[in-house]
Amino acid sequence: MAVLPGSPPVEVHLKRSARARRFSLRVSRLDGKVTLSMPLRARDGDALAFLRGHEGWLRETLQAMPDSRVRPVGLGSVIPVEGRDLVLTAGSGRGVRVEGDRLLVPGDPARAGVRVAAWLKVLARDRLAAASTRYAGLVGRSYSSLALRDTRSRWGSCSPEGRLMYSWRLVMAPPAVLDYVAAHEVAHLVELNHSPAYWAVVDRIHPGWKVQRAWLHQHGQTLHRLRFQD
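Notes on the structure in this doc start here.

Parameters at a glance
Residues numbered from 1 in each chain as written. Predicted model: local features only at pLDDT ≥ 70, side-chain atom pairs only at ≥ 80, totals over all residues. Heavy atoms only, no water. Buried < 20%, exposed > 50% of the residue type's maximum accessible area, 1.4 Å probe, protein only. Helix = DSSP H or I, 4+ residues; strand = E, 2+ residues; numbered from the N terminus. Arc of directions from axis to C-beta. Contact = heavy atoms within 4.5 Å. Axes fitted to C-alpha atoms, helices over the stretch in contact; angles between N-to-C directions. Parallel < 35°, antiparallel > 145°, perpendicular 65-115°, else oblique. Left-handed = near helix turned anticlockwise from the far one by under 90°. Nonpolar A, V, L, I, M, F, W, Y, C, P; charged D, E, K, R; others polar. Core = buried A, V, L, I, M, F, W, Y, C linked by side-chain atoms within 4.5 Å. Pairing = 2+ DSSP bridges. Salt bridge = Lys/Arg side-chain N within 4 Å of Asp/Glu carboxyl O.

## Some words on helix 1 (residues 44-53)
Within the span of helix 1, buried status applies to A47, F50 and L51. When helix 1 is viewed along its axis, its buried side chains cluster within an angular range of 100° and face the same direction. Exposed and oriented more than 90 degrees from the buried face of helix 1 are G45 and G53. Structurally, helix 1 contributes buried residues whose contacts are with strand 1 (2-4), strand 2 (10-17), strand 3 (24-27), strand 4 (34-39) and helix 2 (55-64).

## Concerning the packing of helix 3 (residues 112-139) against helix 5 (residues 196-205)
Packed helices, taken two at a time, are described by the angle their axes make and the gap between the axes. Between helix 3 and helix 5, the least distance of the axes is 10 Å, while the angle of their chain directions is 115°. Classified by the interaxial angle, the pair formed by helix 3 and helix 5 is roughly perpendicular. Helix 3 and helix 5 meet at a crossing whose hand is right-handed. Where helix 3 abuts helix 5, its residues Y135, L138 and V139 lie against V201, R204 and I205. For the contact of helix 3 with helix 5, the residue count by class is five nonpolar, no polar and one charged.

## Details of the nonpolar core
Within soluble globular proteins, side chains that are nonpolar tend to cluster in buried spots. Counting residues in each nonpolar core, the largest one holds 50 residues, and the members touching the most others are I79, L120, Y166 and F228. When residues of this core are assigned to their parent elements, the largest contribution, twelve residues, is made by helix 3. Setting aside residues no more than four positions away along its own chain, I79 makes contact with V73, R84, D85, L86, L88, L103, V116, L120, L226 and F228.

## Quick word on the sheet that holds strand 1
Pairing is mixed across the open sheet formed by four strands, whose spatial order is 1-2-4-3. If you trace the sheet from one side to the other, it starts and ends with strand 1 and strand 3, each paired once. Between one strand axis and the next, the sheet turns through 30° on average, direction left out of account. Across the sheet, helix 1 lies against strand 1, strand 2, strand 3 and strand 4, angled at about 130° from strand 4, the strand it touches most. Contacting strand 1, strand 2, strand 3 and strand 4, helix 2 crosses the sheet at an angle of about 15° to strand 3.

## Describing the pattern of salt bridges
A side chain of one charge can pair with a side chain of the opposite charge if their charged atoms are brought near each other. Under the criterion given, the structure shown has nine salt bridges. With its nearest N and O atoms 2.6 Å apart, the salt bridge here joins R127 to D126. Taking the relative accessible area as the measure of exposure, R127 reaches 32% and is therefore partly exposed. Take D126: its relative accessible area is 44%, and that puts it in the partly exposed class. As a salt-bridge pair, D179 and R134 come within 3.0 Å of each other at their nearest N and O atoms. Separated by 45 residues along the polypeptide, D179 in helix 4 (residues 175-187) and R134 in helix 3 bring together distant segments of the chain. The exposure class assigned to R134 is partly exposed, which follows from its relative accessible area of 40%. Ionic contacts of the salt-bridge type, sharing partners, join the residues E82, D126 and R127 into one network.

What follows is the structure, given as structure tokens:
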């Protein structure tokens, strides 16, 4: 770890790599993490000099990004559920439930984030299974399995064997966005590519998909910033 002095100071993660032939600087769009990749034998002093030489670019990039801080989830937090902002509130009983604009979470307050994540995953599976089955019927195909992951690189995937995978965080997005991702992956049961023929399938089963894709590009990273457990 290195710190670029200034106002404010910037934490930079140093990553030595045998493949690196030069210094390269990257800022994650998901959480604002700054990483400096460097050759194995590079000196820390040279790394700091490189950072100072690119300080203007780095600070402008960080300033232009939306709030990229990771947000721990606990009682009092506001999280989106199917596109609605809900306030996590202490509740009674055994299960997490929605009541108006509150998400009632019973049990140990220190475990609220973990309990909400488990509840969201169940809800995500229900919504994504229903959407995938509906779109599979529209294309006349069937999928072999459906799995949920917490992937950052993609919202969903479809294997050649018809296995569907989705990010469970989609259930926090508006329902139309979740539906679009389901349609996108199910269309791969017909065309395992992104050819014009593939997009014609998406157009047929989910018209207006470009609006939902734009939402993901603009807001999707905020869903990944919510941390439900340590």
